[in-house]
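So you can see what is in the structure, the chains are spelled out below.
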Amino acid sequence: LAASAEQQYYFIIPAWHKPDEIFDEVCKISEAVIFTNKLLTMYTGSTEKNFIEWGKQISLPDKSDTELSTYLNNSVWQTVRQNTKRLESSLLEVTWNNTNRNLIKWILKRIDFYSAEIEGVENPDGVAALAKGVDIEHIEPQKSSELDHDTLHSLGNLTLLERAFNRAIQNIKYLEKKEIYGNSKFRMTNALNTIPSKGGKSKQSYDLFYKADDWGAVQIRERAIKLTDAILKGLSMKL
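Residues numbered from 1 in each chain as written. Predicted model: local features only at pLDDT ≥ 70, side-chain atom pairs only at ≥ 80, totals over all residues. Heavy atoms only, no water.

## A closer look at the pattern of salt bridges
Link 1 in the chain: By the definition in use, this model includes 11 salt bridges.
Link 2 in the chain: As a salt-bridge pair, Glu117 and Arg110 come within 3.7 Å of each other at their nearest N and O atoms.
Link 3 in the chain: We note a salt bridge from Glu119 to Arg187, for which the minimum N-O separation is 2.8 Å. Here Glu119, found in helix H6 (residues 101-119), pairs with Arg187, found in helix H10 (residues 187-190); they are 68 residues apart in sequence, far enough to count as distant.
Link 4 in the chain: Salt bridges here are not isolated pairs; linked through shared partners, they connect Glu88, Asp229, Lys233 and Lys238. (Salt bridge = Lys/Arg side-chain N within 4 Å of Asp/Glu carboxyl O. Helix = DSSP H or I, 4+ residues; strand = E, 2+ residues; numbered from the N terminus.)

Laid out in structure tokens, this is it:
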């Protein structure tokens, strides 16, 4: 998300030797801020000031761990979440043609990773473990004449798929694709075919996603809403 940016380190480094819970929270905040700036193409001068101020507060020697947690929850997150509504609107308007495709892939991977977190599945390499041999798949094929351009290329019509599967299915109809999606390791893609009807955390993790027996504009919009809600919850932008 921020390969060349350094401003978040003003905030992260002072938390390095804090308890894991505080350090993890600082990293979550940093991720949410950087993603928000990336998607909304916001000016980052104020972001740098915020990171510096938050880092100063984290560094204060007289603050207890309890006070730091309260500060992060009540002050920092409140500032970060002020952009949640704008972020939600922008995510619903994300398309293959108006958003950096690496960012689209990151969004999809981050949602899948959040689903694994909910279920408690360990993935020591994080999202990076999903980097190789993965395509962004158009569920309704790109050359389809069934849908308008914006709907066809919107977030709800995009999913992650193993490259080998993607090459094999090409432009076949949705009902045939759906069976292949059921074999994918990606939860959001697998869910298109089936979502467990019970199973505790497994069911909870799959409920982030969308299952459909048919595919068209209505399903695409509904799935976009589900994915948008999932990424916002995954980034702790929504409680």
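Read on for the rest.
## Considering the pairing of strand E1 (residues 134-138)
Link 1 in the chain: Here E1 lies mainly inside the structure; five of its five residues are buried.
Link 2 in the chain: Along E1, one buried face is formed by Val134, Ile136 and His138 and the opposite face, lined by Asp135 and Glu137, is buried too.
Link 3 in the chain: For E1 and strand E2 (residues 158-162), the ladder comprises five bridges, and the chain directions are antiparallel. Bridged to Glu137 within E2 is Thr159. (Buried < 20%, exposed > 50% of the residue type's maximum accessible area, 1.4 Å probe, protein only. Pairing = 2+ DSSP bridges.)

## Some points on the environment of Asn102
Link 1 in the chain: You can see Asn102 is positioned in helix H6.
Link 2 in the chain: The exposed category is assigned to Asn102, whose relative accessible area is 62%.
Link 3 in the chain: Linking Asn102 and Ile136, residues 34 residues apart in sequence, is a C-alpha distance of 9.7 Å.

## Quick word on the packing of aromatic side chains
Link 1 in the chain: This structure, assessed with the given rule, holds eight aromatic pairs.
Link 2 in the chain: Among the aromatic residues, those joined into a ring-pair cluster are Phe11, Phe51 and Trp54.
Link 3 in the chain: If you follow Lys63 out to its NZ or CZ, it ends over the ring of Tyr71, 5.7 Å from the centre. (Phe/Tyr/Trp six-rings, centres within 6.5 Å; stacked < 30°, edge-to-face > 60°. Lys NZ or Arg CZ within 6 Å of the ring centre and 35° of its normal.)

## Some thoughts on a negative patch on the surface
Link 1 in the chain: Judged by side-chain charge, Asp20, Glu21, Asp24 and Asp65 come together as a negatively charged surface patch.
Link 2 in the chain: Along the chain, Asp24 turns up in helix H2 (residues 20-40).
Link 3 in the chain: For Asp24, a relative accessible area of 42% gives the class partly exposed. (Patch = residues over 30% accessible without salt bridge, like charges linked within 9 Å, V, L, I, M, F, W, Y side chains within 5 Å. Areas by Shrake-Rupley, 256 points an atom, 1.4 Å probe, with all protein chains shown as cover. Lys, Arg positive; Asp, Glu negative; His and termini not counted. Charge placed at Lys NZ, Arg CZ, Asp CG, Glu CD.)

## Points about the nonpolar core
Link 1 in the chain: Residues Phe11, Ile29, Phe35, Trp54, Leu72, Val80 and Leu108 are the most contacted members of the largest nonpolar core, which totals 50 residues.
Link 2 in the chain: With near-sequence residues (within four places) excluded, Val80 lies in contact with Ile29, Ala32, Val33, Trp54 and Met237.
Link 3 in the chain: Counting residues in each nonpolar core, the second largest holds 12 residues, with Ile139, Leu147, Ala212 and Trp215 among its members. (Core = buried A, V, L, I, M, F, W, Y, C linked by side-chain atoms within 4.5 Å. Contact = heavy atoms within 4.5 Å.)

## Observations regarding unusual backbone geometry
Negative phi characterises most residues that are not glycine, and trans characterises most peptide bonds.
Link 1 in the chain: Its identity is not glycine, yet Ser236 carries a phi of approximately 60 degrees, on the positive side.
Link 2 in the chain: On the basis of relative accessibility, which here comes to 17%, the residue Ser236 falls in the buried class.

## A short note on the layout of surface pockets
Link 1 in the chain: Here the largest pocket is characterised by a volume of approximately 400 Å³.
Link 2 in the chain: In this structure, the largest pocket is lined by 13 residues; those nearest its centre are Lys28, Glu31, Arg110, Phe113 and Glu117.
Link 3 in the chain: When contributions to the lining of the largest pocket are tallied by element, the ones reaching two or more residues are H2, H6 and helix H12 (217-234). (1 Å grid on protein atoms, 1.4 Å probe; cavity = no way out; pocket = protein on both sides within 12 Å on 5 of 7 lines; lining within 4 Å. Points joined across faces, edges and corners; volume = space filled by probe spheres on them.)

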